[in-house]
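# Summary of the model geometry
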Amino acid sequence: MKHGPVYSYPSKHKTILSASDSHPIPILTKDLTINQSNETWARIFLPKQTQDHSFHTKLPLIVWFHGGGFILFSAASTFAQDFCATMAIQLSAVVVSIEYRLAPEHRLPAAYEDAVEAVRWIKTTPDEWLRDSADLNNCFLMGGSAGANIAYHAGLKLAATIADHDLHPLEIKGLILHQPFFGGSKRTESELRLATDLILPLCCTDLMWNLALPIGADRDHEYCNPTVKGGSNALTKMKELGWKILVDWGRKDPLMDRQGEFVKMLQEKGLQVESQFLDGHCHVIEFVDPSKFEALYTVYRNFLSSSLLGC
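Residues numbered from 1 in each chain as written. Predicted model: local features only at pLDDT ≥ 70, side-chain atom pairs only at ≥ 80, totals over all residues. Heavy atoms only, no water.

Looking up the protein in an unreviewed UniProt entry gives the name Alpha/beta hydrolase fold-3 domain-containing protein, with the organism given as Jatropha curcas. The Sequence similarities (unreviewed entry) comment attached to the protein in UniProt states, word for word, "Belongs to the 'GDXG' lipolytic enzyme family." (UniProt positions renumbered as here; feature names shortened; annotations may be inferred.)

Pasting the structure below:
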């Protein structure tokens, strides 16, 4: 898997116009510092069509968190750049990709704290792209793998405190969790069956959790295994807020049983959950076989539309 250089934070704001065969509609991107002390920042992806004076529609806002087991990669990695650009085009959305602190130097919950801070930063930043082109009333937290874990836990923290820290005018409509990265002390059938998986072997997931969890915590910590405490009161608050949750997962993913247990827990809590189980999908299918991932863009578009309409 290719990835670009890891930047700590942008030395200055920059705007890049990119266009290629894979991105026939040019994308504007810009980096903005969130917290210089923590070296966190955001890369904004804006479909160039929004700059046309005849275009007056604000686009849904997707706050994206990249994967990498909490220990790898960056918002500046090539795969993250390309994925977010494609997603902005395919979903007709403004995408804000968040650079968060990595373990083991910064163990969880550092990434969750950075994610929550990023959402509140979006609410207050005077950036003209977000002000003029993003519909802050229609915001979704989204991530892949460990990024989906971050989106979920950041959502829990925001839902639990939303009354005390009003996000207005930013309004979260839901979560899009692509192959969320969860675990647990007791091995599941899919973990044992796919223990030597070439993409995500069991020894790799164990190492990632060992480096990312708080010192002394095991894999039944709530950060790793969300079914242990069931999200406590925060999931009830998510339900009251009317947030919708989309989870997609695949049969060839060693984490499929974990993801199935997670979906079941959400359903039992009464949340509005849409589950997409895809038979031929392995972990990080978007990079292993992008052609198989294409159908998910339709699923994501439909989810955005139904959430915005309140269906």
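Attention now moves to the overall build of the protein. Helix and strand content of the protein: ten helices and nine strands. Within the protein, the proportion of its 311 residues that are buried is 56%. Sequence-distant contacts in the protein: of pairs separated by 6 or more residues, those separated by 24 or more amount to 78%. (Helix = DSSP H or I, 4+ residues; strand = E, 2+ residues; numbered from the N terminus. Buried < 20%, exposed > 50% of the residue type's maximum accessible area, 1.4 Å probe, protein only. Contact = heavy atoms within 4.5 Å.)

This paragraph deals with helix α8 (residues 256-268). Given a rise of 1.5 Å per residue, 13 residues ought to cover 18 Å, and the 18 Å separating the end C-alpha atoms of α8 matches this to within 8%. Among all positions of α8, only Met 256, Arg 258, Gln 259, Phe 262, Val 263, Met 265 and Leu 266 are buried. Looking one or two residues beyond α8, the residue adopting positive phi is Gly 270, at roughly 85°. (Expected span 1.5 Å × (residues − 1).)

In terms of burial, strand β6 (residues 134-144) is largely enclosed, as ten of its eleven residues are buried. Looking at chain direction, strand β4 (residues 59-65) and β6 are connected through seven bridges and run parallel. Paired with Phe 65 across the bridge in β6 is Gly 143. For β6 and strand β7 (residues 172-178), the ladder comprises six bridges, and the chain directions are parallel. For Gly 144, the partnering residue across the bridge sits in β7 and is His 178. (Pairing = 2+ DSSP bridges.)

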